[in-house]
Amino acid sequence: MKPLYIITARGGSKSIPRKNIKPLGGRPLIAYTIDAAREAASRTGGYILLSTDDAEIASVARNCGLTVEYMRPEALGGDMIGSREVLLDAMDWADARGIEYDCVVLLQPTSPFRTGADISEAEALYTPTCDMVVSLCPSDVNPYFNMFEVNADGFIAISKGDGMYTRRQDCPTVYEQNGAVYVINPASLRAMPLGAFPRRIPFIMPRSRSVDLDTPSDWALAESLISHEK
């Protein structure tokens, strides 16, 4: 397997301004993902490609030792642009330069506790007959137990099942995407959106490495976890 590792880091961020290069534990956030990608790439020989529309992010990545040759077009920098469009443009850039790869590994800087070993384990599950390997973690909430929907009459009903479970541990196990690792079939990505993939293989990660930085409270949790590691 020879992956194309694509680190996506746009400049705009509303919930946590400049979060991709904001210091976390004394290092820019993106440094953690660059390190993990390098570790995984050392095993596969894959190419690491930063996709950013922001010159400062590119500069910080270079200071972390990453070669940055590609800049994302400005038209793909807004918060209304999906991951698929961003990945396809990066793939086109790699194709035009003869960079060979047989899968695409999407890595978002907002998962600082994801390790190179996590990436490698997800890659080991990938086969050309699947659309994607996606990282998940056990969910704190369960649609069979404590997730509800409001019906047409304005009453709440359990989201899944008949609502007769009285203990969470008896419910079917459910997972949530943690945003850490996506190992994607390039042909599938060119054919359809990620959400339409019918053949997705789960890669289960512990919650301790599944913190996804989306809000200031997520950031505070990450800072606390890092401070306890020191």
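Residues numbered from 1 in each chain as written. Predicted model: local features only at pLDDT ≥ 70, side-chain atom pairs only at ≥ 80, totals over all residues. Heavy atoms only, no water.

1. Details of the overall build of the protein chain
Logical step 1: Each helix and strand counted, the protein chain has six helices and 10 strands in total.
Logical step 2: With respect to the principal axes defined by its C-alpha atoms, the protein chain has extents near 55 × 40 × 35 Å.
Logical step 3: Looking at the protein chain alone, contacts between residues at least 24 apart form 74% of all its contacts between residues at least 6 apart.
Logical step 4: Per element, the accessible surface of the protein chain, about 11,400 Å² overall, is 53% carbon and sulfur.
Logical step 5: With 23 positive and 29 negative side-chain charges, the protein chain shows a spacing of 2 Å between the two charge centroids. (Helix = DSSP H or I, 4+ residues; strand = E, 2+ residues; numbered from the N terminus. Contact = heavy atoms within 4.5 Å. Areas by Shrake-Rupley, 256 points an atom, 1.4 Å probe, with all protein chains shown as cover. Lys, Arg positive; Asp, Glu negative; His and termini not counted. Charge placed at Lys NZ, Arg CZ, Asp CG, Glu CD.)

2. A short note on the pattern of salt bridges
Logical step 1: For the structure on display, the rule yields 12 salt bridges.
Logical step 2: Between Arg207 and Asp140 there is a salt bridge whose closest N-O contact spans 3.6 Å. Residue Arg207 is found in the loop between β10 (200-204) and α6 (216-229), and its partner Asp140 is found in the loop between β6 (132-138) and β7 (148-150); the two are separated by 67 residues along the sequence.
Logical step 3: The network of salt bridges with shared partners includes Arg18, Asp54 and Glu56. (Salt bridge = Lys/Arg side-chain N within 4 Å of Asp/Glu carboxyl O.)

3. Remarks on the side chain of Ser188
Logical step 1: By the element assignment, Ser188 lies in helix α5 (residues 186-191).
Logical step 2: By relative accessible area, Ser188 is classed as buried at 5%.
Logical step 3: Residue contacts for Ser188: discarding those within four places in its chain leaves Cys130, Asp131, Phe197 and Arg199. (Buried < 20%, exposed > 50% of the residue type's maximum accessible area, 1.4 Å probe, protein only.)

4. Quick look at the sheet that holds β10
Logical step 1: The strand order β4-β1-β5-β9-β6-β10 describes an open sheet built from six strands, whose pairing is mixed. The open sheet has two edge strands with one neighbour each: β4 (47-51) and β10. In this sheet, neighbouring strand axes are inclined to one another by 30° on average, regardless of whether the strands run parallel or antiparallel.
Logical step 2: In this sheet, β10 lies alongside β6 in parallel orientation, the contact comprising five bridges. Residue pairing in the sheet places Ser135 in a bridge with Phe203 of β10.
Logical step 3: The sheet contacts of helix α4 (residues 116-125) involve β1 (3-8), β5 (103-107), β6, β9 (175-184) and β10, and relative to β10 the element is tilted by about 150°. (Pairing = 2+ DSSP bridges. Axes fitted to C-alpha atoms, helices over the stretch in contact; angles between N-to-C directions.)

5. Digging into the pairing of β4
Strand residues, when the strand is regular, have side chains that alternate between the two faces of the sheet.
Logical step 1: Burial within β4 is extensive, with four of its five residues counted as buried.
Logical step 2: Two strands pair when backbone bridges link them, and β1 and β4 are joined in this way by five bridges, in the parallel orientation. Note that in β4 the partner of Ile7 across the bridge is Leu50.

6. Concerning helix α2 (residues 55-63)
Logical step 1: Buried within α2 we find Ile57, Ala58, Val60 and Ala61. Projected down its long axis, α2 shows its buried positions confined to an angular sector of 160°, all on one face. The exposed set on the far side of α2, more than 90 degrees from its buried face, consists of Ala55 and Asn63.
Logical step 2: Contacts made by the buried residues of α2 are with β3 (27-28), α1 (29-44) and β4.
Logical step 3: A distance of 3.0 Å separates the backbone nitrogen of Glu56 from a side-chain oxygen at the start of α2, and that oxygen is part of Asp54. (Arc of directions from axis to C-beta. Polar contact = N/O pair within 3.5 Å; in protein donor to acceptor, adjacent residues only side chain to side chain.)

7. Here's the deal with empty space enclosed by the protein
Logical step 1: Under the definition given, this model contains one cavity of 30 Å³ or more.
Logical step 2: One number sums up the size of the largest cavity: a volume of about 30 Å³. (1 Å grid on protein atoms, 1.4 Å probe; cavity = no way out; pocket = protein on both sides within 12 Å on 5 of 7 lines; lining within 4 Å. Points joined across faces, edges and corners; volume = space filled by probe spheres on them.)

8. Considering the packing of aromatic side chains
Logical step 1: Considering all chains together, one arrives at three aromatic pairs under this definition.
Logical step 2: A ring pair is formed by Tyr70 and Trp93, whose centres lie 5.6 Å apart and whose planes are at 55°; its orientation type is tilted. Here Tyr70 is found in the loop between α2 and α3 (83-96), whereas its partner Trp93 is found in helix α3, with 23 residues between them in sequence. Trp93 shares its class with Tyr70; the two are buried.
Logical step 3: Centroid distance Tyr144 to Tyr165: 6.1 Å. Interplanar angle 90°. Geometry classified as edge-to-face. Here Tyr165 lies in the loop between β8 (156-158) and β9 and Tyr144 lies in the loop between β6 and β7, a separation of 21 residues in the sequence.
Logical step 4: For Tyr165, a relative accessible area of 34% corresponds to the partly exposed category.
Logical step 5: Aromatic ring contacts, followed pair by pair, group Tyr47, Tyr70 and Trp93 into a single cluster. (Phe/Tyr/Trp six-rings, centres within 6.5 Å; stacked < 30°, edge-to-face > 60°.)

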